[in-house]
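Observations on the three-dimensional arrangement
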Amino acid sequence: MTTSLPLIWNGRVITETGWSGRLRGAFLAPRSGRVTHLLVQMGLFQRAYAVPLTAGHIGASDALVIPSSVAQMAPDRGSVRLTDKIQVNLAGEAASLRGLIIDQKDGIPLWLLIRYQQETMAVENLAAHNLVSGSLSLRLTQQEKDDLPVYRADGEVLRNVLVALEEVDRAGGPTFGDVRVDVQGGVARLSGTVWLVQQREEAERAAISAQGVLAIQNDIITDWDLRIGIATAFAKANLSQTGLIVVRSKRGKISLKGHLPSRGLLDEAVRVASETIGVRSVESDVAIVQELATSAGSTIE
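None of these values were measured; they are calculated from a predicted model. (Residues numbered from 1 in each chain as written. Predicted model: local features only at pLDDT ≥ 70, side-chain atom pairs only at ≥ 80, totals over all residues. Heavy atoms only, no water.)

**Here we look at the overall build of the protein**
The test is simple: To qualify as a helix, a DSSP run of H or I must reach at least 4 residues; to qualify as a strand, a run of E must reach at least 2; elements of each kind are numbered from the N terminus. Partly exposed describes any residue whose relative accessible area lies between the buried limit of under 20% and the exposed limit of over 50%, with all areas from a 1.4 Å probe on protein chains only and scaled to the type maximum. Should any heavy atoms of two residues lie within 4.5 Å, those residues are considered in contact. In short, Shrake-Rupley with a 1.4 Å probe defines the accessible areas, and a residue's cover is counted only from the protein chains shown. We count Lys and Arg on the positive side and Asp and Glu on the negative side, and we leave His and both chain ends out. For this purpose, a charge sits on NZ of Lys, CZ of Arg, CG of Asp or CD of Glu.
When you go through the protein residue by residue, the secondary structure sums to five helices and 22 strands. For the protein, the spread of C-alpha atoms along the principal axes amounts to about 80 × 45 × 35 Å. Within the protein, the fraction of its 301 residues that count as buried is 45%. Intrachain contacts of the protein at a sequence separation of at least 6 include 57% that bridge at least 24 residues. With the model as given, the accessible surface of the protein reaches about 15600 Å², and the carbon-plus-sulfur share is 49%. The distance from the centre of the 31 positive side-chain charges to the centre of the 32 negative ones in the protein is 7 Å.

Here it is in structure tokens:
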């Protein structure tokens, strides 16, 4: 998952020692198109100064946190100063730049946050033209403009996604109790386990419908995926050649049955199953049989 960083003009900025201020903008390198510095207003006289991007991260309450002793380094000559003064041509209508969501690793803008009709909308950077010149235009059709997602802070988006999943659970029974949600820069990452592929897809539909979600990364694993994955791992570890192991899974809780010729192989089977991504717990009812007269292998149920 890309580590993204929301930069919201006039958003709260705090230092690690408790000083607070406001984010007033960012600086864009003219050639690379990367954000290199933040424009922060802070201190007794509320002076605005440039802070290297590498110093910032999002902390509690969606505030931008910067070190107290960060060096005040000037941006490169020719850098574009992006603030709320930047006017935006949004498919022929006037709007203003409200902020950016950037890739924190390389500073590349992923989304542009546009203030339009009393709301903040998110536009993918691919639609932007002339950003590095400070004269931003967005080439969108009327339908694309009407379909732009609304931006919300990550904490609010997380709550919205959890509510959407809970509503589906109330309508169809407990399905997503083992689904975990993480939101970063408007991208909701779903992980955990469900029983069926259809439930995995249903979770994605519910999450993308939540207000403020810009994109989905669906890493939910189904029980069928887990059973196949564990059986494959057993085969690679040559465990299926020495005995018979039956793999069952219920929302990430794995049970093993069958027989193996030694305690060491049983411990290895439990370890291999436990290390499979998505497994929550492993219970073993595998018998130790010194001499196996039947064919070996692993099966799934």
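**Description of the nonpolar core**
The tendency in soluble globular proteins is for nonpolar side chains to be buried side by side. Rule in force here: Throughout, nonpolar core names a set of buried Ala, Val, Leu, Ile, Met, Phe, Trp, Tyr and Cys residues whose side chains join them through atoms within 4.5 Å.
Of all hydrophobic cores here, the largest spans 38 residues; its most connected members are Leu7, Leu82, Leu97, Leu112, Ile114, Leu136 and Leu138. The contacts of Leu7, once residues within four sequence positions are left out, are Leu23, Ala26, Val35, Leu38, Arg98, Gly99, Leu100, Ile102 and Leu113.

**Digging into the pattern of salt bridges**
Note that side chains of opposite charge can pair when their charged atoms are close. Short version of the rule: What counts as a salt bridge is simple: a side-chain nitrogen of Lys or Arg found within 4 Å of a carboxyl oxygen of Asp or Glu.
On inspection of all chains with the given rule, the structure shows ten salt bridges. With a shortest N-O distance of 3.5 Å, Asp285 and Lys257 are connected by a salt bridge. With Asp285 in strand S21 (residues 281–288) and Lys257 in strand S20 (residues 253–260), this residue pair connects regions lying 28 residues apart in the sequence. When the shortest N-O distance is used, the salt bridge between Glu268 and Arg271 registers 2.6 Å. In this pair, Glu268 and Arg271 both sit in helix H5 (residues 263–274), three residues apart, roughly one turn of the helix.

**Observations concerning the environment of Leu260**
When you line up the elements, Leu260 lands in strand S20. The sequence separation of Leu260 and Pro149 amounts to 111 residues, and the corresponding C-alpha distance is 55 Å.

**Focus: the side chain of His37**
Selection rule: N or O atoms within 3.5 Å of each other form a polar contact, as long as, within protein, one can give a hydrogen and the other can take it, and as long as residues adjacent in sequence are counted only when both atoms are side-chain atoms.
Relative to the helices and strands, His37 is located in strand S4 (residues 35–42). Residue classification places His37 among the buried residues on the basis of a relative accessible area of 8%. A polar side-chain atom of His37 sits 2.9 Å from a polar atom in the side chain of Thr36. In this structure His37 touches Ala26, Phe27, Ala50, Val51, Pro52, Leu53, Met73, Ala74 and Pro75, once residues within four positions along its chain are discounted.

**A word on helix H4 (residues 223–236)**
So the rule is basically this: Expected span, for any helix, means 1.5 Å times one less than how many residues it has. Relevant arc is that of directions from the helix axis to the C-beta atoms, nothing else.
Over its 14 residues, H4 extends 20 Å from the first C-alpha to the last, a length consistent with the 20 Å expected when each residue adds 1.5 Å. Among the residues of H4, Asp223, Leu226, Arg227, Ile230, Ala231 and Phe234 are the ones counted as buried. Along the axis of H4, the buried positions cluster into a sector of 125 degrees, meaning they face one direction only. Downstream of H4 by one or two residues, Asn238 has phi in the positive range, about 65 degrees.

**Examining unusual backbone geometry**
Positive phi values are uncommon outside glycine, yet Ala91 reaches one of about 50 degrees. Assignment of secondary structure puts Ala91 in the loop between strand S9 (87–90) and strand S10 (93–103). Of note, the phi angle at Gln118 is positive, near 65 degrees, even though the residue is not glycine. Inspection of the secondary structure puts Gln118 in the loop between strand S11 (109–116) and strand S12 (119–124). Using a relative accessible area of 70% as the deciding quantity, one classes Gln118 as exposed.

**Concerning the pairing of S4**
This is how the line gets drawn: If DSSP finds at least two bridges between two strands, the strands pair.
Taking burial as the measure, the eight residues of S4 include seven buried ones, the bulk of the element. As paired elements, strand S3 (residues 20–28) and S4 share seven bridges and run antiparallel to each other. Residue pairing in the sheet places Ala26 in a bridge with Leu38 of S4. In this antiparallel pair of consecutive strands, S3 and S4, the connection spans six residues, and Gly33 shows a positive phi of 70 degrees. Across six bridges, the pairing between S4 and strand S5 (residues 47–52) is antiparallel. Bridge pairing in S5 places Leu38 opposite Val51.

None of the figures reported here should be taken as evidence of function without further support.
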